[in-house]
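# Notes for the structure review
Okay, here's what each chain looks like letter by letter:
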Amino acid sequence: MAENSNDDVRKQALEQAEAGFEGFIKWTKYGIYGSLAFLLAVGSCNFGVENKSFPAYNGEQYSPSNLNIKN
């Protein structure tokens, strides 16, 4: 009788371990897919921003030409 209950416990433990592993894999996939979607969404805001017609830095805009400096 002890062997029979041991087998039942092992079978239940195996079923529980398999269910936990399947849940872990499922949520890991969701996490990876969500992370990739987020990175692509954030990255799409920056793709193609800097090109020759729209430079990222305009030096004339920041030059202090209207300052009166007294020595």
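Residues numbered from 1 in each chain as written. Predicted model: local features only at pLDDT ≥ 70, side-chain atom pairs only at ≥ 80, totals over all residues. Heavy atoms only, no water.

Now for the overall build of the protein chain. Along the backbone of the protein chain there are 1 helix and 0 strands. Going through the 71 residues of the protein chain one by one, you find that 1% of them count as buried. Carbon and sulfur atoms provide 59% of the accessible area of the protein chain, an area that totals close to 7300 Å². (Helix = DSSP H or I, 4+ residues; strand = E, 2+ residues; numbered from the N terminus. Buried < 20%, exposed > 50% of the residue type's maximum accessible area, 1.4 Å probe, protein only. Areas by Shrake-Rupley, 256 points an atom, 1.4 Å probe, with all protein chains shown as cover.)

Side chains of Phe21, Phe24 and Ile25 sit close together on the surface and give an oily, nonpolar patch of about 310 Å² of accessible area. Given the relative accessible area of 31%, Ile25 is considered partly exposed. (Patch = residues over 30% accessible without salt bridge, like charges linked within 9 Å, V, L, I, M, F, W, Y side chains within 5 Å. Salt bridge = Lys/Arg side-chain N within 4 Å of Asp/Glu carboxyl O.)

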